[in-house]
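Residue-level listing of the chains:
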Amino acid sequence: MTTTTAEIAERIRDAAAHGTRLRVIGRGHWLAANRPVQADATLPLDGYSGIVDYVPGDFTLTARAGTTLAEIARAARDQGQWLALDPLGSDEGSIGATVATASHGPHATGFGTPRDHLLGLEFVTGAGDVVRGGGRVVKNVAGFDLVRLSTGAWGTLGVITEVTVRLRALPAEQQTLALAVDEDAPILERLTSGLRGLVTAPLACELLSGVLAARIGLPERPVLAVHIGGNAESMRAQRDALAGLEAGAFAPADDALWTRLRAAGAGAAATWRLSYRPSRFAHTWIEGRESIAPFAGAWMHGSPLRGAVRYAVPTDAAEPGSPERLLRALTQPFDGVRIGETLPARAWSVLPSRAMDRLSRGVRTAFDPRGILNPGILGASE
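Counting of residues starts from 1 at the beginning of each chain's written sequence and follows it residue by residue. In keeping with the model being predicted, local features are shown solely for residues with a pLDDT of at least 70 and side-chain atom pairs are shown and tallied solely at 80 or more, while totals for entire chains, interfaces and linings include all residues. Calculation of side-chain values draws on the structure's entire complement of heavy atoms; hydrogens and water are dropped beforehand.

> How should I be thinking about helix H6 (residues 185–196) in this particular structure?
In an α-helix, one turn spans 3.6 residues; hence positions three or four apart end up facing the same way. To qualify as a helix, a DSSP run of H or I must reach at least 4 residues; to qualify as a strand, a run of E must reach at least 2; elements of each kind are numbered from the N terminus. To estimate how far a helix should reach, multiply one less than its number of residues by 1.5 Å. Compared with an ideal rise of 1.5 Å per residue, which puts 12 residues at 16 Å, H6 spans 17 Å between its outermost C-alpha atoms and is within 8% of the ideal. The cut-offs for exposure are 20% and 50% of the maximum accessible area for each residue type, with area from a 1.4 Å probe on protein chains only; residues under the lower value are buried, those over the upper are exposed, and the others partly exposed. Among the residues of H6, Leu188, Leu191, Thr192 and Leu195 are the ones counted as buried. Axial view of H6: buried residues confined to an arc of 90°, hence all on one face. More than 90 degrees from the buried face of H6, the exposed residues found are Pro186 and Arg190. Think of it as the arc spanned by the lines of direction from the helix axis to the C-beta atoms.

Following this line, the structure appears as structure tokens:
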């Protein structure tokens, strides 16, 4: 078990010296995510955990990479605070993996993605050098913004060993509301346009397909789930604003639906996300609904305020070739961002690598000259 940054650095220097390719593993919750890795050995970080520093007055917390989100949540809750990150999956995943994969969930609507929560980090490059970024030092001598650069790099630039995050005050009040949605194109366009025009954005706002709604315990029909929070006056204003959309009556719903929504993709044969301009959301949703209709059990959810839609083909409903056919149906033609979460090996060919350009290759070579960290995770021919 690795217990210090120095040990991690020594392990990486030894691997670099022998050309040993490493698969970096946090808590093992995302091993099937992104592209397959061609590794000779693993570098587990689950033993490198614990909160290093917590300053409630500054709303900042520093934790080792293997610390679970659940542990951070418990510590913050005791001080009336929270880390507004809810990556898809569960809170048993590690903060290091959440940052490395830039994973996020429904509350990205109100608080942004991991880059918006991260204040600083420490990581070990592929050459075994320990590097720190953040605080007053947001760039290193080479001019790289290490914090933003490492977030979402899937461990290909270095092994994240410690992170400092920004916490938020827990809302004085919060509530989850649900609205049965008519998917008629003009009605859906009016609803999503109204949501984008709200003066106060909700904490989370997701449109769920009927199949997904049923999977997480709601009636089987398209549902808009909204999470609002704040003081009593703010809550009244947000409820009035939602009622002003004249889309129907929002009903109180179980807050636990957000946890069930995050976990819904577990065991799916394939999950992926497509992002578009938020103004295209209604059109995208209807097009996606028609594309998944022939695939039994396939479901989708998306954020009208962020323009991202996530699709899944459950294992028990997937026929051979279903993920590839559905992916092609959704992305031909396509001008948005495509991100694979979990796909069969043969389906990755449908999604082009996001890190094949000359600049991306050069940055990676600067931090990992031997290419030993998670080789293949950003593309087979990287």
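> What should I look at first to understand the sheet that holds strand E15 (residues 299–303) in this one?
In a beta sheet, neighbouring strands are held together by backbone hydrogen bonds and run either parallel or antiparallel to one another. When DSSP finds two or more bridges between two strands, those strands count as paired. Spatially, the eight strands line up as an open sheet ordered E13-E10-E12-E11-E15-E16-E14-E17, and their pairing is antiparallel. Lying at the two open borders of the sheet, with one neighbouring strand each, are strand E13 (251–253) and strand E17 (337–342). The average angle at which neighbouring strand axes cross in this sheet is 25°, direction not considered. As defined by bridge partners, strand E14 (residues 268–275) adjoins E17 across five bridges and the pair is classed as antiparallel. Bridge assignment links Thr271 to a residue of E17, and that residue is Thr342. Here a residue-residue contact requires only that any non-hydrogen atoms of the pair lie within 4.5 Å. A fitted line through C-alpha atoms represents every axis, and for helices the fit uses only the stretch in contact; the resulting angles, taken between N-to-C directions, go from 0 to 180 degrees. Contacting strand E10 (173–180) and strand E12 (223–230), helix H8 (residues 232–243) crosses the sheet at an angle of about 155° to E12.

> I would appreciate a short explanation of the environment of Leu157 in the present structure.
Looking at the secondary structure, you find Leu157 in the loop between helix H5 (146–150) and strand E8 (158–166). Given the relative accessible area of 7%, Leu157 is considered buried. Placed 138 residues apart in sequence, Leu157 and Gly19 show a C-alpha to C-alpha distance of 16 Å. Those residues within four positions of Leu157 in sequence are excluded, and the remaining contacts are Phe123, Thr125, Gly126, Leu149, Val363, Arg364, Phe367 and Leu373.

> How should I be thinking about the pattern of salt bridges in this particular structure?
Pairing between side chains becomes possible if they bear opposite charge and their charged atoms approach one another. Any carboxyl oxygen of Asp or Glu within 4 Å of a side-chain nitrogen of Lys or Arg constitutes a salt bridge here. Following the criterion strictly, the structure yields 12 salt bridges and no others. A salt bridge links Arg289 to Glu183; its shortest N-O distance comes to 3.4 Å. On the criterion of sequence distance, the pair formed by Arg289 in helix H10 (residues 281–292) and Glu183 in the loop between E10 and H6 is long-range, its members being 106 residues apart. Residue Glu183 is classed as buried on the basis of its relative accessible area of 17%. Connected via shared salt-bridge partners are Glu122, Arg132 and Glu162.

> Before we go on, may I ask you to explain the sheet that holds strand E7 (residues 130–134) in this structure?
In space, the five strands of this open sheet follow the order E3-E4-E8-E6-E7, with antiparallel pairing throughout. Looking at the sheet topology across the chains shown, the edges are occupied by strand E3 (51–55) and E7. Neighbour-to-neighbour, the strand axes of this sheet turn through a mean angle of 15°, independent of strand direction. Here strand E6 (residues 118–125) pairs with E7 via five bridges, running antiparallel. Residue pairing for E7: Val124 is matched across the bridge by Val130. Contacts from helix H2 (residues 69–77) reach E3 and strand E4 (60–64), with the element oriented near 30° to E3.

> Would you mind going over the layout of surface pockets with me for this structure?
Each pocket or cavity is described by its volume, and for the second largest pocket that value is around 520 Å³. Two kinds of site are reported from a 1 Å grid over the protein atoms alone, namely cavities, where a 1.4 Å probe fits but cannot get out, and pockets, open sets with protein on both sides within 12 Å along at least five of seven lines, and residues are called lining when an atom falls within 4 Å of a point. Taken together, 21 residues form the lining of the second largest pocket, with Arg77, Trp82, Leu83, Asp91 and Arg262 sitting closest to its centre. Broken down by secondary-structure element, the contributors of at least two residues to the lining of the second largest pocket are H2, strand E5 (81–82) and helix H9 (257–263). With four residues, H2 is the largest single contributor of residues to the lining of the second largest pocket. A per-class count over the lining of the second largest pocket returns 11 nonpolar, five polar and five charged. Grid points are joined across faces, edges and corners, and a volume is the space filled by probe spheres set on the points. Ten residues, namely Ala, Val, Leu, Ile, Met, Phe, Trp, Tyr, Cys and Pro, are considered nonpolar, four, namely Asp, Glu, Lys and Arg, are considered charged, and the remaining ones, Gly among them, are considered polar.

> Sorry, what's going on with the packing of H6 against H10 here?
Geometry of a packed helix pair, given as the angle between the helix axes and the separation of the axes. Viewed as axis vectors pointing N to C, H6 and H10 meet at an angle of 135°, and their least axial separation amounts to 8 Å. Classed by the angle they form, the pair H6 and H10 counts as oblique. At the point where H6 passes H10, the crossing takes the right-handed sense. When H6 is examined against H10, the residues Ala185, Leu188, Glu189 and Thr192 are found in contact with a partner set consisting of Phe281, Ala282, Trp285 and Ile286. Looking at the contact of H6 with H10, its residues break down into six nonpolar, one polar and one charged. When an angle is under 35 degrees it counts as roughly parallel; over 145 it counts as roughly antiparallel; between 65 and 115 it counts as roughly perpendicular; any other value is oblique. Two helices cross in a left-handed way if the nearer one is turned anticlockwise from the farther one by less than a right angle. They cross in a right-handed way if the turn is clockwise.

> Quick question: what am I supposed to make of unusual backbone geometry here?
Glycine aside, residues mostly have negative phi angles, and peptide bonds mostly take the trans form. A positive phi is found at Glu246, a non-glycine position, where the angle reads about 55°. Within the secondary structure, Glu246 is located in the loop between H8 and E13. Look at Asn374: it is not a glycine, yet its phi comes out positive at around 50°.

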